[in-house]
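Now for the letters of each chain:
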Amino acid sequence: MPETKKFLYVNRKAPYGTIYAQEALEVVLIGAAFEQDVSLAFLDDGVYQITKGQNTKEVSMKNFSLTYKALGDYDVNKIYVEQESLDARGLTLDDLLPLAWEDEDDDWAKKDSIKVVSAAEMAKIMEQSDIVFSF
Amino acid sequence: MKFSVMISEGPYTHQASDTAYHFTKAALEDGHECFRIFFYHDGVNNGTRLASPPQDDRNIVNRWSELAKEYKLDLVLCIAAAQRRGIADADEAKRNGKNADNIAPGFRISGLGQLIEAGIQSDRLVTFGD
């Protein structure tokens, strides 16, 4: 498969009320092996997926939020979070997991993966993508 | 045009599988080519042959099997999603120590890579779900 396409995974749902977030992450991890151009978007309640300090012990569900930290190792380092969704929920960048990646072209410098963007910028990112998975 | 479809919801509870079926049938009748239909999340429940809906209702599972036969469709159930929800073919049942399988004719079980490949190989990937 010689072709490279721009894949965008759009995450819009809270992490534990339904299985969509967890199974979306499984697609991202498998998809990372295909050497495509991958971006992730978090908006609406999806922003809760990457909040810090998740604890699922009392609900007997798997806390898969730690897996997001591994995305950088899979070369998944373009993570867009919608500003309006954060604002509406009283969240800021400081409430989110410090997702980062190491840039091998820059002496393995550690760089932030998350970029907070406006709804209008998010629309452009969607428009410029070839494949949009919405979970 | 070459298209693929992802179905994210189970039958009857949600409209996704119905709409995906009508879309796929119409597109095929119009001469378009379907690369793959991928069932994910609760969508894997569209692939159990044990479904027995009332006689006066549509049979969503059989409808997919028949369309697959007519157009040689590739109906793929995600293996991880299927394992969680108890959908198995003979090999999967054996591998997981189960005494029965329930996959419907025309469906096969495979990995998420098949979904990514469908995205790469198709002109359009159309998702049906919430």
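Right, let's walk through the structure included here. (Residues numbered from 1 in each chain as written. Chains lettered and ligands numbered in written order. Predicted model: local features only at pLDDT ≥ 70, side-chain atom pairs only at ≥ 80, totals over all residues. Heavy atoms only, no water.)

### Thoughts on the pattern of salt bridges
We apply this condition: By salt bridge we mean one thing: a side-chain nitrogen of Lys or Arg within 4 Å of a carboxyl oxygen of Asp or Glu. With a 1.4 Å probe rolled over the protein chains alone, any residue whose accessible area is under 20% of its type maximum counts as buried; one over 50% counts as exposed, and the rest are partly exposed.
Summed over all chains, the structure comprises 19 salt bridges over all chains. Here B:Asp57 and B:Arg58 are joined by a salt bridge, their closest N and O atoms 2.9 Å apart. Taking the relative accessible area as the measure of exposure, B:Arg58 reaches 30% and is therefore partly exposed. What emerges from the salt-bridge pattern is a single network uniting A:Glu23, A:Glu26, B:Asp42, B:Arg84 and B:Arg85.

### Some thoughts on the interface of chain B and chain A
For the record, the criterion: Every residue pair with non-hydrogen atoms within 4.5 Å of one another is taken to be in contact. Two parts placed together each lose some accessible area; with a 1.4 Å probe, that loss summed over both constitutes the buried area. Here a polar contact is recorded for every N or O atom pair within 3.5 Å, except that within protein the pair must consist of a potential hydrogen donor and a potential acceptor, and residues adjacent in sequence are included only if both atoms are side-chain atoms. Think of it this way: any DSSP run of H or I at least four residues long counts as a helix, any run of E at least two long counts as a strand, and we number them from the N terminus.
Tallying the contact residues gives 21 residues for chain B and 21 residues for chain A. When the two sides are added together, the surface that chain B and chain A hide from each other amounts to roughly 1,800 Å², 63% of it contributed by carbon and sulfur. There are three salt bridges connecting chain B and chain A. With a closest N to O distance of 2.6 Å, A:Glu26 and B:Arg84 form a salt bridge. Put simply, chain B and chain A have nine residue pairs in polar contact (both at pLDDT 80 or more) between them. Broken down by secondary-structure element, the contributors of at least two residues to the side of chain B that touches chain A are helix 3 (79-85), helix 5 (113-121) and strand 5 (124-128) of chain B.

### Side note on the nonpolar core
Rules: We call a set of buried Ala, Val, Leu, Ile, Met, Phe, Trp, Tyr and Cys residues a nonpolar core when their side-chain atoms join them within 4.5 Å.
With 67 residues, the main nonpolar core has A:Tyr9, A:Tyr68, A:Phe133 and B:Trp64 as its most contacted residues. Sequence-distant contacts of B:Trp64, defined by excluding residues within four places in its chain, comprise B:Ile7, B:Ser17, B:Ala20, B:Tyr21, B:Thr24, B:Ile37, B:Phe39, B:Asn46, B:Leu75 and B:Phe107. Counting eight residues, the second-largest nonpolar core is a separate cluster that includes A:Leu8, A:Val10, A:Val117 and A:Met122.

### Details of the sheet that holds strand 4 (residues 107-110) of chain B
The pairing of strands in a sheet happens through backbone hydrogen bonds and is either parallel or antiparallel. Residue and element names in this part refer to chain B. The test is simple: Think of it this way: DSSP has to see at least two bridges between two strands before they count as a pair. Only the contacting stretch of a helix is used when fitting its axis, a line to C-alpha atoms as for every element, and angles between N-to-C directions run 0 to 180 degrees.
The strand order 4-3-2-1-5 describes an open sheet built from five strands, whose pairing is parallel. The sheet terminates laterally at strand 4 and strand 5, the two strands that pair on one side only. Strand-to-strand twist of the sheet, defined as the mean angle between neighbouring strand axes without regard to direction, takes the value 25°. In this structure, strand 1 (residues 2-7) lies alongside strand 5, joined through five bridges in parallel fashion. In the sheet register, Ile 7 faces strand 5, and the bridge partner there is Phe 128. In the packing of helix 1 (residues 16-29) onto the sheet, contacts are made with strand 1, strand 2 (33-39) and strand 5, and the angle to strand 1 comes to roughly 170°.

### Section: the packing of helix 1 of chain B against helix 2 (residues 60-71) of chain B
Residue and element names in this part refer to chain B. Note the cut-off: Any angle that falls under 35 degrees is termed roughly parallel, while one over 145 is termed roughly antiparallel, one within 65 to 115 roughly perpendicular, and all others oblique. The hand of a helix crossing depends on one turn: near helix anticlockwise from the far one by less than a right angle means left-handed, and clockwise means right-handed.
Relative to each other, helix 1 and helix 2 sit at 20°, their axes nearing to 11 Å. Taken together, the axes of helix 1 and helix 2 are roughly parallel relative to one another. For helix 1 against helix 2, the interelement crossing comes out left-handed. Taken together, the residues of helix 2 that come into contact with helix 1 (itself represented by Ser 17, Asp 18, Ala 20, Tyr 21, His 22, Thr 24, Lys 25, Leu 28 and Glu 29) are Ile 60, Arg 63, Trp 64, Leu 67 and Tyr 71.

### Focus: unusual backbone geometry
A negative phi angle characterises most non-glycine residues, just as the trans form characterises most peptide bonds. In this model, A:Glu35 sits at a positive phi of 50°, which is unusual for a non-glycine residue. Mapped onto the elements of the fold, A:Glu35 is located in the loop between helix 1 (20-31) and strand 2 (37-42). On the basis of relative accessible area, A:Glu35 is assigned to the exposed category, the value being 69%. Its identity is not glycine, yet B:Lys72 carries a phi of approximately 50°, on the positive side. Within the secondary structure, B:Lys72 sits in the loop between helix 2 and strand 3 (75-78).

### Some details on helix 1 of chain B
Residues and elements named next belong to chain B. Just so we agree on the cut-off: Take the residue count of a helix, subtract one, and multiply by 1.5 Å to get its expected span.
The terminal C-alpha atoms of helix 1, which comprises 14 residues, lie 20 Å apart, in line with the 20 Å expected from a rise of 1.5 Å per residue. Taken together, the buried positions of helix 1 are occupied by Ala 16, Ser 17, Asp 18, Ala 20, Tyr 21, Thr 24, Ala 27 and Leu 28. Structurally, helix 1 contributes buried residues whose contacts are with strand 1, strand 2, helix 2 and strand 5. Backbone geometry just downstream of helix 1 places Gly 31 in the positive-phi region, at approximately 95°.

### Quick look at the pairing of strand 2 of chain B
All names here are of chain B. Selection rule: When the strands point away from the viewer and the path from the first strand over the helix to the second turns clockwise, the crossover is right-handed.
Burial analysis of strand 2 places five of its seven residues in the buried class, which makes it a mostly covered element. Bridge count for strand 1 against strand 2 is six bridges, and the pairing is parallel. If you follow Phe 3 over to strand 2, its bridge partner there is Cys 34. Sheet topology places strand 2 next to strand 3; three bridges connect them, and they run parallel. Across the sheet, residue Ile 37 finds its bridge partner in strand 3, namely Leu 75. Considered for its hand, the β-α-β crossover made up of strand 2, helix 2 and strand 3 is right-handed.

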